[in-house]
Amino acid sequence: MLITSRGRRIGGRAVLGVVSTLVLGATGFAWSQWHRLDTSLVTADVIAPSAQVPDTPAGEPLTVAQNILVVGLDSRTKPDGTPLPQNVLDALHAGSGDDGGNTTDTMIVVHVPVGGAAATAISIPRDSYVDIPGYGKHKINSAYSRARADQRGKLAQQGMSGPELEVAADAAGAKSAIAAVQKLTGLTVNHYAAVNLSGFAALSQAVGGVQVCLNAPVHDSFSGADFPAGTQTVSGTQALAFVRQRHGLPGGDLDRIARQQAFMSAMAKTVLGSGTFTDPARLSSLVDALAGSVTLDHGWNLLSFAQQLHGLSSGAIAFGTIPVQSLSLATPSDGDAVKVDPAQVREFVQAQISSPDVSASGGASDSDTVHPSSSGGLVRPIAQTTTPAPPAGTPAQPKLTTASGCVN
């Protein structure tokens, strides 16, 4: 079954972190708040020197296109390596560390072209079966956890412990995830951002919640999702439950992807159009949420980067997903995985970042409009691309239903 999806899996908490970061500078963030954020963020030395890009002079548009890997971590620790309180984990329905802990639940490459007025977020399904440098073929979300566990074991034997050990292990995991993504997509990753479980809840709450719409009521004890049908505003732990739910949805993981798309499209509009950056209390809360939940690569100057994003708007952020060939690839040791063709993925990625919409002008003119995708999510349209035709007789991907922008 060939599935060539644009805008299927958008990881809510991860993109929320990077979208919030990107739009802060584009809408006139106060210098004092930027300084507070820049000095309080945890950083990690995870980008190879050959992939680092020079700073653009202050006030000038972005002069070099950049690729940012954004990951959402099912981590039970804060960016500084200290553990999250158990009451916080319970509220987030995080489960135990053995239940998906320290894996990259979401992986997205955000391409920002020269000029900085547009962005394209290309999502990689977490179960994509790929070559992980140093580990062979496995699900891509395990690239982080495998390297992290190996490094943590080595450093613990050398006597390292506590937060210092966790931070060092996280850096090893980040490097492995970056290597896997680069090998799959053909892109060079210039920057890295990671957002943990508690961070997503805090970020969504900081902006006053996000409006979403459901086709039918849902109740899921695994994620904590408990919502009526229709339009509603979600924030905090409710927002995390909204984008994490997989159980009980008619379309399974495809419905979860549609949820995440719809949420992120609405989130971008909320942040850019709700007065977040003119409301001191809300602005302070957003900075606090970012500082307490995001890890960036060492040397990424957010103040300088934000000043280079001229004219970025919600309509200039395009969401997409790499094409996949099957959702049920049997693997020797990893269970069912998502089958992808690296050559096809690289062709798709290059087409998306080279499309006319990804330009310094910021793309389409209806900058505040989002549209239903074939999977039920809401995405800004991106340029049509040519994808290799499926083999004869391959069944078509079933499309999920939408109703006035609502999702399952």
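First, a word on scope: everything that follows refers to the structure included in this document. Note that the coordinates shown come from a computational prediction; the quantities given were computed from them, not determined experimentally. (Residues numbered from 1 in each chain as written. Predicted model: local features only at pLDDT ≥ 70, side-chain atom pairs only at ≥ 80, totals over all residues. Heavy atoms only, no water.)

## Examining the pairing of strand β4 (residues 119-124)
Every other side chain in a regular strand lies on the same face of the sheet, so the side chains alternate between the two faces.
Part 1 of the reasoning: Burial analysis of β4 places 6 of its 6 residues in the buried class, which makes it a mostly covered element.
Part 2 of the reasoning: The alternating pattern of β4 places Ala119, Ala121 and Ser123 on one face and Thr120, Ile122 and Ile124 on the opposite face, and all of these are buried.
Part 3 of the reasoning: Bridge count for strand β3 (residues 104-112) against β4 is 5 bridges, and the pairing is antiparallel. Bridging from a neighbouring strand, Val109 pairs with Ile122 of β4.
Part 4 of the reasoning: Counting the residues in the hairpin turn of β3 and β4 gives 6 residues, including Gly115, whose phi is positive at 105°.
Part 5 of the reasoning: Where β4 and strand β13 (residues 317-321) come together, 5 bridges link them in parallel fashion. Paired with Ile122 across the two strands is Gly320, which belongs to β13. (Buried < 20%, exposed > 50% of the residue type's maximum accessible area, 1.4 Å probe, protein only. Helix = DSSP H or I, 4+ residues; strand = E, 2+ residues; numbered from the N terminus. Pairing = 2+ DSSP bridges.)

## Concerning the state of the cysteines
Think of a disulfide as a covalent bridge from one cysteine sulfur atom to another cysteine sulfur atom.
Part 1 of the reasoning: Applying the stated criterion to the full structure yields 1 disulfide.
Part 2 of the reasoning: Covalent S-S linkage joins Cys213 and Cys406, the inter-sulfur distance amounting to 1.8 Å. Linking Cys213 and Cys406, the disulfide has an S-S dihedral of approximately 50° and is accordingly described as right-handed. Of this pair, Cys213 sits in strand β8 (residues 210-214) while Cys406 sits in the segment after β17 (378-379); the two residues are 193 residues apart in sequence, bridging distant segments of the chain.
Part 3 of the reasoning: A relative accessible area of 14% places Cys213 in the buried class.
Part 4 of the reasoning: Taking relative accessible area as the criterion, Cys406 reaches 9% and is therefore assigned buried. (Disulfide = S-S within 2.5 Å.)

## Quick look at the side chain of Ser176
Part 1 of the reasoning: Locating Ser176 in the fold gives a position in helix α5 (residues 162-185).
Part 2 of the reasoning: The residues contacting Ser176, other than those within four sequence positions of it, are Ile132, Tyr135, Ala143, Tyr144 and Ala147. (Contact = heavy atoms within 4.5 Å.)

## Side note on the pattern of salt bridges
Part 1 of the reasoning: Following the criterion strictly, the structure yields 5 salt bridges and no others.
Part 2 of the reasoning: Note that Arg146 and Asp334 form a salt bridge whose closest N and O atoms lie 3.8 Å from each other. Placement of Arg146 in helix α4 (residues 142-157) and of Asp334 in the loop between β14 (326-330) and β15 (336-339) is noted, with a sequence separation of 188 residues between them.
Part 3 of the reasoning: Of the residues examined, Arg146 reaches a relative accessible area of 27% and is grouped as partly exposed.
Part 4 of the reasoning: Asp334 sits in the buried class, given a relative accessible area of 15%.
Part 5 of the reasoning: Linking Arg152 and Glu166 is a salt bridge whose minimum nitrogen-to-oxygen distance equals 2.7 Å. In this pair, Arg152 sits in helix α4 while Glu166 sits in helix α5, placing the two residues 14 residues apart along the sequence.
Part 6 of the reasoning: Glu166 sits in the buried class, given a relative accessible area of 12%.
Part 7 of the reasoning: Bridged by salt links that share partners, the residues Arg148, Arg152, Glu166 and Asp170 form one connected network. (Salt bridge = Lys/Arg side-chain N within 4 Å of Asp/Glu carboxyl O.)

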